[in-house]
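Survey of secondary and tertiary structure
Residue-level listing of the chains:
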Amino acid sequence: MPSSMAQTLKVGLIGAGGIVRGAHLNPGWLADPDVEILAVCDVNEKVAQKLAEDFKIKHIFTDFCELLKLKEIDAVDICTPNKVHTPAVIGALEAGKHVLCEKPLAVTVQEILSMREALRKTDRILMTAQHHRFSEASVAIKAWVDTGAMGEVYHARVNATRRNWLPTSAGFIDPNLSGGGPCMDIGVHALDTALWLMDFPKPVRVSGRAHTNFAKGFDIPGGWGEWDRVLFGVEDFASGYIHFSNGSTMVLEASWLQHQEKEELNATLQGKKASMRWPTGHFHTVTNRTLIDGMVLPHAGRKPAHTEEILAFARAIREKTPSPVPIEQTIHVIAILEAIMKSSQLNQEIVMPDWDADSAK
Ligand SMILES: NC(=O)c1ccc[n+]([C@@H]2O[C@H](COP(=O)([O-])OP(=O)(O)OC[C@H]3O[C@@H](n4cnc5c(N)ncnc54)[C@H](O)[C@@H]3O)[C@@H](O)[C@H]2O)c1
């Protein structure tokens, strides 16, 4: 649709912290000429005020229920600590708004199912902000994988591990706000991308282990500075082993602190015809007993991944197309992460419920 014909989308921001300022606004929403950021809400009024000043936002709130009463708002962008996502998403859907919500969409399957209940009662769009799917590399790799070049994918190694980049704010380290540590925070990125590349096989059994090895002590200096050791109540490392109904398997590792060279966020998919490494695009294969290495080049010319994600959300609203990152996919992502934690607590393998059968009800 030419921009002169496009409907101006009026947007409300819920949460005005790091990710909004760093990635959702500029570039981000401001890349769409037919968007007006009409309101911002943050429980910290000064933070909301500063953002409103910097980006000329008309309305400021400290309670998202008040923002949701603004009839002119078409869509909200939720960037609060994880535990606020569920009430904000449900409140927004019930108020008739389209919703983009940061990852992890929620931290328990129960929360996701309650969002799904609300979604089924409206024609609005709910999109999980999994921006890695929208990067130049991911789009190119997905296109290549979808040609069938890998053959059947039978295993994936998924890695979201850091040496000393532990996010220090309460929203990440207080379990009452975050609902989990690196598994929920960054494991979710690599896991979502790997499952998307694999076409979302259905998880059937999960075993996992979560530890707090370093975060209560002072041995490893944090790249983002110090954090409150008493408040810290989540894991700093987790690993999981996942079985899917099609016989394929996955190993997932997530950490904020551990002895390793540098930060890693990647996935390696093993297929019967080729393997693929995300996000580098390197693949390995064999033809006529000749070993071949190659590389899928990124699709050049795209905007930054967060911006492409936001533009995809706005496009889906205007064109009335399905959510670019639908809740049906996110249920599987969160179910796996929750099961890793549960398996660790119970010291046993978790048999996954049948979410698809449930969704047919
Ligand atoms: N996709 C990514 O790359 C990425 C990166 C960082 C964070 N995130 C996600 O974005 C979300 C926010 O992270 P952040 O880094 O911006 O955190 P942050 O701590 O910088 O900002 C969160 C803001 O939410 C506000 N807030 C808390 N409770 C609220 C409520 N009830 N109503 C309104 N505002 C409230 C806080 O005052 C704070 O200003 C988290 O879910 C996080 O996982 C995503």
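The shown structure was predicted, so the numbers you read here are calculated from the model rather than taken from an experiment. (Residues numbered from 1 in each chain as written. Predicted model: local features only at pLDDT ≥ 70, side-chain atom pairs only at ≥ 80, totals over all residues. Heavy atoms only, no water.)

Topic: unusual backbone geometry
For clarity, the cut-off: Strands here mean DSSP runs of E at least two residues long; helices mean DSSP runs of H or I at least four residues long; both are numbered from the N terminus.
The omega torsion across N26 and P27 is -5 degrees, close enough to zero to call that bond cis. By the element assignment, P27 lies in the loop between α1 (18-24) and β2 (35-41). The step from W278 to P279 runs through a cis peptide bond, and the omega angle for that step is 5 degrees. Structurally, P279 can be placed in the loop between β12 (274-278) and β13 (282-287). Backbone geometry places F200, a non-glycine residue, at a positive phi of 50 degrees.

A few points about the packing of aromatic side chains
For any pair of aromatic rings, geometry is given as the distance between the ring centres together with the angle between the planes. Inclusion rule: Aromatic pairing here means that ring centres of Phe, Tyr or Trp (its six-membered ring) are within 6.5 Å. Orientation follows from the plane angle: under 30 degrees is stacked, over 60 is edge-to-face, and everything else is tilted. Burial classes follow relative accessibility: with a 1.4 Å probe on protein chains only, a residue under 20% of its type's maximum area counts as buried, one over 50% as exposed, and anything between as partly exposed.
What the rule picks out here adds up to 4 aromatic pairs. Consider the rings of W165 and W224, whose centres lie 5.0 Å apart with planes at 65 degrees: the pair is edge-to-face. Of this pair, W165 sits in the loop between β7 (153-161) and α7 (170-173) while W224 sits in the loop between β8 (203-211) and β9 (237-244), and the two are 59 residues apart along the sequence. On the basis of relative accessible area, W165 is assigned to the partly exposed category, the value being 31%.

Concerning the pattern of salt bridges
Going by this rule: One speaks of a salt bridge when a side-chain nitrogen belonging to Lys or Arg is within 4 Å of a carboxyl oxygen belonging to Asp or Glu.
Counting across every chain of the model gives 16 salt bridges. Across the pair K103 and D185 runs a salt bridge, and its minimum N-O distance is 3.0 Å. One end of the pair, K103, is in the loop between β5 (98-102) and α5 (109-120); the other, D185, is in helix α9 (residues 182-197), and 82 residues separate them in sequence. Exposure remark for K103: the relative accessible area of 11% places this residue in the buried category. Salt-bridge contacts for D199 lead to K142; the nearest nitrogen and oxygen are separated by 3.2 Å.

Describing the site of the ligand
Let me state the cut-off plainly: The nearness test applies per residue and asks whether one of its heavy atoms lies within 4 Å of the molecule or strand. In protein, a polar contact requires one atom able to donate a hydrogen and another able to accept it; more generally it is a pair of N or O atoms within 3.5 Å, and residues adjacent in sequence count only if both atoms are side-chain atoms. Note on areas: Shrake-Rupley, 1.4 Å probe, and residue coverage restricted to the protein chains presented here. As a working rule, the residues Ala, Val, Leu, Ile, Met, Phe, Trp, Tyr, Cys and Pro are called nonpolar, Asp, Glu, Lys and Arg charged, and the rest polar, with Gly in that last group.
Contacts to the ligand come from 21 residues, most closely from G18, I19, D42, N82 and K103. Within the backbone of V43, an N or O atom sits 3.5 Å from a nitrogen atom of the ligand. H85 is positioned such that a nitrogen or oxygen atom in its side chain is 3.0 Å from an oxygen atom of the ligand. Taking 850 Å² as the accessible area of the ligand by itself, protein coverage stands at 80%. Elements that contribute at least two residues to the shell around the ligand include exactly α1 and α4 (82-94). Per element, the largest residue contribution to the shell around the ligand is 3 residues, and it comes from α4. Looking at side-chain class alone, the shell around the ligand contains 7 nonpolar, 11 polar and 3 charged residues.

Overview of the pairing of β5
Let me state the cut-off plainly: The pairing criterion for strands is at least two bridges between them, as found by DSSP.
Summarising burial for β5: 5 of the 5 residues are buried, a large majority. Side chains of β5 alternate between two faces, with H98, L100 and E102 and V99 and C101 buried alike. Sheet analysis places strand β4 (residues 75-78) next to β5, joined by 4 bridges and oriented parallel. What sits directly across from D77, in β5, is L100.

Regarding the sheet that holds strand β1 (residues 9-14)
Short version of the rule: Every axis corresponds to a line fitted to the C-alpha atoms, with the helix fit spanning only the stretch in contact, and the corresponding angles, defined between N-to-C directions, vary from 0 to 180 degrees. In what follows, a contact means two residues having at least one pair of non-hydrogen atoms within 4.5 Å.
As summarised here, the arrangement of the 6 strands in space is β3-β2-β1-β4-β5-β6, forming an open sheet in which the pairing is parallel. Two strands bound the open sheet, and with one partner strand each, they are β3 (59-61) and β6 (126-129). On average, each strand axis in the sheet is tilted by 20 degrees relative to the strand beside it, whichever way the strands run. Strand direction decides the pairing type here: β1 and β4, joined by 4 bridges, are parallel. Each bridged residue has a counterpart across the sheet, and for V11 the counterpart in β4 is A75. Across the sheet, helix α2 (residues 45-55) lies against β1, β2 and β3, angled at about 165 degrees from β3, the strand it touches most. Contacting β4, β5 and β6, α4 runs over the sheet at an angle of about 170 degrees to β5.

Some details on the domain arrangement of the protein
Note the cut-off: Here the limits of each domain have been adopted from an automatic or database domain assignment. The buried area of a pairing is the accessible area, by a 1.4 Å probe, that goes missing from both parts when the two are put together, added over both.
One can read the domain layout of the protein as domain 1 (3-131 + 304-324) and domain 2 (134-301 + 335-355). Using C-alpha coordinates to define each centre, domain 1 is positioned 26 Å away from domain 2. Tallying the contact residues gives 19 residues for domain 1 and 16 residues for domain 2. Both faces combined, the contact of domain 1 with domain 2 buries some 1500 Å², and carbon together with sulfur accounts for 63% of it. Of all residues in domain 1, K103, V109 and Q130 bury the most surface against domain 2, accounting for 35% of the area lost on that side. Run the count over domain 1 and domain 2 and you get 1 salt bridge. The interface formed by domain 1 and domain 2 includes 6 residue pairs in polar contact (both at pLDDT 80 or more). Of all the secondary structure elements, the ones that give two or more residues to the side of domain 1 that touches domain 2 are α4, α5 and α10 (305-319). Looking at which element gives the most residues to the side of domain 1 that touches domain 2, the answer is α10, with 4 residues.

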